[in-house]
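# What the coordinates show
Residues per chain, in single letters:
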Amino acid sequence: MSRLNIEAELNGPQLEAVSALEGPVLIIAGAGSGKTRVIAYRIAYMLEKGIPQSAILALTFTNKAAREMESRVRELSGKKLQSLTVSTFHSFGVRILREEIEKLGYRKNFSIYDETDRNQLIRDSLRECRLSVDGVDLYKLGQIFSNVKIGRLRWGEGADSGFERVYGEYQNGLKVYNALDFDDLLVLPIQLFEEHPEIRGKYRTRYRYIMVDEFQDTSLIQYRLMRLLAEADSPGGNCNICVVGDDDQSIYSWRGANYENILMFERDFPGVREIKLEQNYRSTTTILEAANGVISNNTNRKGKTLWSGNTGGKPIELFHPQTESDEADFIARRIRELCLRERRNYDDFGVLIRTNSMTRAIEEAFLAENLPYQVSGGTSFFQRKEIKDILSYLRVIGNADDDVNLLRIINTPRRGIGKTMISVITDLARKNHSSLWDAMGRLRYAPDTLFPDAAKGRAEIDHFMNLIEFYRNEILGSQNRKGWHLSQQVRSLTDNIDYWSYLMSEYSKNEKIAHWKFLNIESLIRSIETWESNPDNLNPTLYPYLNRISLITSGDGPDEGPDEGARGKVNLMTIHAAKGLEFPVVFIAGAEDGIIPHARSLEEGDGNIEEERRLFYVAITRARDKLFITSCLRRRRAQFQKQAGDEPVADSRLSPFLAEIPGHLVEYHEPEKALDAAEAEDFFARIKSQFA
Ligand code: ATP
Ligand code: MG
């Protein structure tokens, strides 16, 4: 018996959107109007109609959203999902490349470089070209490379041709290391489809029903990939594509072009059926009115109506802690209080921040208050050194030719393979056009006289190679005699390299940090356990795990902490990572000028103020019942303004967006600690002027 009852669970326009399976459909609608719900129901409806899972492709913005979508569909359809594809564009790219990449001259076990690996390779490429690394902004250079790769800039036209050679070296490096950067995950599938019509044909025949959520943030390159799959071959051909989005929530705008992709869609898919959804089911009218008040200040938008049947609601509360640590304490205490008073669960709370650097103070307050929490969307977990180290071991075990990861662990924990030895290896690799691992293999068995510089560290090289080979056999080979799972192997590896002693020696002055880092590794192992014991995970082995990790840690979008799926944790995340999510209670921290709107965006011109406003709109619209906003009186500035002469701690001004929230919706709270008279006067003058 089907559980699906679309007539009862959807409103009129939603029903229309769910049942319009044939032809192109475009839904541009406001926050919380059920766009994502429509996609989940559409898929369930297709399954009910007998459309095979394998013919359906749903593209989401984050891995977390993809998993949520899957579980929603599973619930709605009551079916086991075996060949349904719900993934991000990047994961979808990986899926295609794992099948087909040999046609482009790479090997199938390619590594995926995250930003840290990529910066390392850019650094090496600069050195290769005898250019100094000092003073080069690797982030900016990375952006240039990325823009060239995706065809947005050309050398000499927007991209400084002084770096063309470095780019060549960089590309070469990727090929030699059999590694891809994030852009490759989209660019190479496009290249495949364009150069090999038979491959394109194969995927087009397979995916006959395509859906894209958060379409407003689909980049041009993602759009091209989507179009290659979805576009009709001939007039009247098959293009069953449905995209949903909200121009007001576009927060990764591509050079100011806000809803250009929406216009392109209308042009490229003639006969598109446009459906409007106007009822917001998520938030109280208080929250919705606040959000509407803010976003109506943007000029560059497709205006639309959005109303909520959930009338009234508690006021939005605005607090003014003294400093960021008071702010963090306030949030932690308030969450604790609401859990007791209103019997809320920890996972009812979303704490939203503008930048990653704001997590630290809040994490510390949560730890002090003993609040379980998870950080998503950012560098928080997987960028931690201890986690990267362990993952580098796994990456090298998966692909020993991955030089970047090899270099990270070759002497971590220290095992006496010093710089001299590493440069002998590097030279040898360069001479032979081989990977470092290959070069090490040569050194390992060569007579001492051949490489006199390397004579000393040979035993250590041998030892290291034995270690990697041992685990490769254990994890990948048929020699997994104990029948161990990946998580067990990782635990054994961590013991084997004695990472604990390494941490103790690195942090001999602060055992607490060593302990904390070790606990992080424990959570990593636990997260692998959770992943491998998921009954829907049909292949809980090393390569799928590494793919997944690379995508989670990508700059492509929001990440997740290790305990995803874990219930009962406060959600701490950047606003970017919160897109599409909802929480009964939301805290927006740091609603200050220079944070939101971000100081960097202000330097970049007017278009960016609108984007920052959209970001603030996204933040407000995540809340269902209750919204708290905090704006500190002072804040440590270092991360936000690096101007000479700036005080490390400076007075903050309220975010100008706060004044755009209709005053009657907000309850103001005076600062908790007593201010001296002058401070108080100054403070109220500031408030008054901003809420005139
Ligand atoms: P966003 O723009 O933030 O991504 P959205 O348009 O995708 O929002 P959803 O997340 O799909 O909106 O829906 C918001 C909330 O409203 C969800 O909890 C969803 O289940 C609920 N909802 C949407 N439509 C209905 C409906 N017809 N009946 C009951 N609940 C609904
Ligand atoms: Mg959504």
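Quick look at the structure, then. Because the structure is predicted, anything quoted here is derived from the model rather than measured. (Residues numbered from 1 in each chain as written. Chains lettered and ligands numbered in written order. Predicted model: local features only at pLDDT ≥ 70, side-chain atom pairs only at ≥ 80, totals over all residues. Heavy atoms only, no water.)

## A short note on the overall build of the protein chain
Inclusion rule: To qualify as a helix, a DSSP run of H or I must reach at least 4 residues; to qualify as a strand, a run of E must reach at least 2; elements of each kind are numbered from the N terminus. Only protein chains enter the calculation, and the probe is 1.4 Å; a residue is then buried if its accessible area is under 20% of its type maximum, exposed if over 50%, and partly exposed in between. Contacts are residue-level and defined by heavy atoms, with any inter-residue pair within 4.5 Å sufficient. Here the open area of atoms and residues is found with the Shrake-Rupley method and a 1.4 Å probe, where only the protein chains shown may cover a residue.
Looking only at helices and strands, the protein chain has 28 helices and 21 strands in total. Looking at the protein chain residue by residue over its 692 residues, the buried ones come to 57%. Intrachain contacts of the protein chain at a sequence separation of at least 6 include 77% that bridge at least 24 residues. In the structure as shown, the protein chain presents an accessible area of about 30,000 Å², 48% of it carried by carbon and sulfur atoms.

## Description of the site of ligand 1
Selection criterion: Consider each residue's heavy atoms; a residue with any of them within 4 Å of a molecule or strand counts as near. Definition of a polar contact: a pair of N or O atoms within 3.5 Å, with one able to donate and the other able to accept a hydrogen when the atoms are protein atoms, and with sequence-neighbouring residues admitted only if both atoms are side-chain atoms. Gly falls in the polar group here, along with every residue not listed as nonpolar (Ala, Val, Leu, Ile, Met, Phe, Trp, Tyr, Cys, Pro) or charged (Asp, Glu, Lys, Arg). An automatic or database domain assignment provides the domain bounds reported here.
As a structural note, the neighbourhood of ligand 1 is formed by 19 residues, with Lys35, Thr36, Gln249, Glu582 and Arg622 the closest of them. Lys35 is positioned such that a nitrogen or oxygen atom in its side chain is 2.6 Å from an oxygen atom of ligand 1. At a separation of 2.9 Å, an oxygen atom of ligand 1 approaches a polar side-chain atom of Arg282. If ligand 1 stood free it would expose 630 Å²; the protein chains cover 84% of that surface. The biggest single contributor to the shell around ligand 1 is helix 3 (residues 35-48), with 3 residues. Here the residues of the shell around ligand 1 sort into 3 nonpolar, 9 polar and 7 charged. Split by domain, the shell around ligand 1 shows at least three residues from each of two domains, domain 1 (6-89 + 197-277) and domain 3 (312-372 + 558-637 + 650-677).

## With respect to the nonpolar core
Selection rule: Here, nonpolar core refers to any group of buried Ala, Val, Leu, Ile, Met, Phe, Trp, Tyr and Cys residues whose side-chain atoms link them within 4.5 Å.
Among the nonpolar cores identified, the biggest contains 50 residues, and Leu394, Ile425, Phe464 and Tyr545 are the most heavily contacted of them. Listed in part, the 46 residues of the second largest apolar core include Leu57, Val94, Tyr207 and Ile221.

## Section: the sheet that holds strand 3 (residues 85-88)
Either a parallel or an antiparallel arrangement is found when strands of a sheet pair, and the pairing is made through backbone hydrogen bonds. What counts, and what does not: A pair of strands is considered paired only if DSSP assigns at least 2 bridges between the two. Inter-axis angles, ranging from 0 to 180 degrees, are taken between N-to-C directions of lines fitted to C-alpha atoms, where helices are fitted over the stretch in contact.
Here 6 strands make up an open sheet; going across it, the order is 3-2-8-9-1-10 and the pairing parallel. What marks the edges here is a single partner per strand, and that holds for strand 3 and strand 10 (273-275). Across the sheet, the mean angle separating the axes of adjacent strands is 15 degrees when strand polarity is ignored. As judged from the 4 bridges shared by strand 2 (residues 56-60) and strand 8 (residues 209-212), these two strands associate in the parallel manner.

## With respect to the packing of aromatic side chains
Where two aromatic rings form a pair, the distance of their centres and the angle of their planes describe that pair. Test applied: Paired rings are identified among Phe, Tyr and Trp, the last through its six-membered ring, by centres lying within 6.5 Å, and are further divided according to the angle between planes into stacked (under 30 degrees), edge-to-face (over 60) and tilted (the rest). The criterion is that NZ of a Lys, or CZ of an Arg, lies within 6 Å of the ring centre and within 35 degrees of the ring normal, and then a charge sits over that ring.
By the definition in use, this model includes 21 aromatic pairs. On the numbers, 5.2 Å between centres and 50 degrees between planes, the contact of Phe145 with Tyr170 is tilted. With Phe145 in helix 7 (residues 138-149) and Tyr170 in helix 8 (residues 164-176), this pair connects stretches of sequence that are 25 residues apart. Taken as a pair, Phe145 and Tyr170 share a single burial class, namely buried. Grouping aromatic residues by their ring pairs yields a cluster made of Phe319, Phe330, Phe349, Phe587 and Phe628. It is Arg98 that lies over the ring of Phe110; its NZ or CZ is 3.8 Å from the centre. Lying over the aromatic face of Phe61, Lys579 brings its terminal NZ or CZ to 3.6 Å of the ring centre.

## Notes on helix 11 (residues 220-230)
Here helix 11 lies mainly inside the structure; 8 of its 11 residues are buried. Within helix 11, burial applies to Ile221, Gln222, Tyr223, Leu225, Met226, Leu228, Leu229 and Ala230.

## Some details on the sheet that holds strand 16 (residues 570-574)
Reading across the sheet, the 7 strands line up as 15-16-14-17-18-13-21 and stay open at both edges, with parallel pairing between neighbours. With one partner strand each, in any of the chains shown, strand 15 (373-376) and strand 21 (666-668) form the two edges of the open sheet. Averaged over all neighbouring strand pairs, the angle between strand axes comes to 20 degrees, with direction disregarded. Two strands pair when backbone bridges link them, and strand 13 (residues 316-319) and strand 18 (residues 623-630) are joined in this way by 3 bridges, in the parallel orientation. Considered in strand 18, the bridge of Leu318 is made with Ile629. Against the sheet, helix 13 (residues 285-295) engages strand 13 and strand 18, with an angle of about 55 degrees to strand 18.

## A look at the side chain of Thr285
Among the structural elements, Thr285 can be located in helix 13. At 2.7 Å, the side chain of Thr285 forms a polar contact with the backbone nitrogen of Gly312. The contact partners of Thr285, leaving out residues within four places of it in the chain, are Ser308, Asn310, Thr311 and Gly312.

## Topic: the pattern of salt bridges
So the rule is basically this: A pair is scored as a salt bridge if a Lys or Arg side-chain nitrogen falls within 4 Å of a carboxyl oxygen belonging to Asp or Glu.
This model, assessed by the stated rule, comprises 41 salt bridges. Glu369 is the partner of Arg336 in a salt bridge, and the nearest nitrogen-oxygen pair spans 3.4 Å. Placement of the pair is Arg336 in helix 14 (residues 324-341) and Glu369 in helix 15 (residues 359-369), with a sequence separation of 33 residues. Put simply, Glu337 and Arg341 hold a salt bridge, and the shortest N to O gap is 3.1 Å. Pair noted here: Glu337 and Arg341 are both in helix 14, with a separation of 4 residues, about one helical turn. Using a relative accessible area of 33% as the deciding quantity, one classes Glu337 as partly exposed. When its relative accessible area of 57% is taken as the criterion, Arg341 is described as exposed.

## Details of unusual backbone geometry
The omega torsion of the bond from Thr412 to Pro413 falls at -10 degrees, within 30 degrees of zero and hence cis. For Pro413, the position within the fold is in the loop between helix 17 (403-409) and helix 18 (419-432). With an omega dihedral of 0 degrees, the bond running from Ile596 to Pro597 counts as a cis peptide bond. Relative to the assigned elements, Pro597 resides in the loop between strand 17 (583-588) and helix 26 (599-603). One non-glycine residue, Arg343, lies in positive phi territory at about 50 degrees. Its identity as a non-glycine residue notwithstanding, His433 has a phi of 50 degrees, on the positive side. Tracing the backbone shows His433 in the loop between helix 18 and helix 19 (436-445). For His433, a relative accessible area of 72% corresponds to the exposed category.

## A short note on helix 4 (residues 63-77)
Here is the rule we go by: Helix span is expected to be 1.5 Å times the residue number reduced by one.
Along its 15 residues, helix 4 runs 21 Å from first to last C-alpha, staying within 8% of the 21 Å computed at 1.5 Å per residue. Of the positions making up helix 4, those classed as buried are Asn63, Lys64, Ala66, Met69, Val73, Leu76 and Ser77. Looking one or two places after helix 4, you find Gly78, whose phi comes out positive at around 65 degrees.

## A closer look at the pairing of strand 9 (residues 240-245)
Among the 6 residues of strand 9, 6 are classified as buried, and the element is accordingly described as predominantly covered. Here strand 9 shows a buried face lined by Asn240, Cys242 and Val244 and a second buried face lined by Ile241, Val243 and Gly245. Pairing between strand 1 (residues 25-28) and strand 9: 4 bridges, direction parallel. Bridge pairing in strand 9 links Ile27 to Val244.

## What to know about the pairing of strand 14 (residues 349-353)
Where burial is concerned, most of strand 14 is hidden: 5 out of the 5 residues are buried. Here strand 14 shows a buried face lined by Phe349, Val351 and Ile353 and a second buried face lined by Gly350 and Leu352. Strand direction decides the pairing type here: strand 14 and strand 16, joined by 4 bridges, are parallel. For Leu352, the partnering residue across the bridge sits in strand 16 and is Met573.

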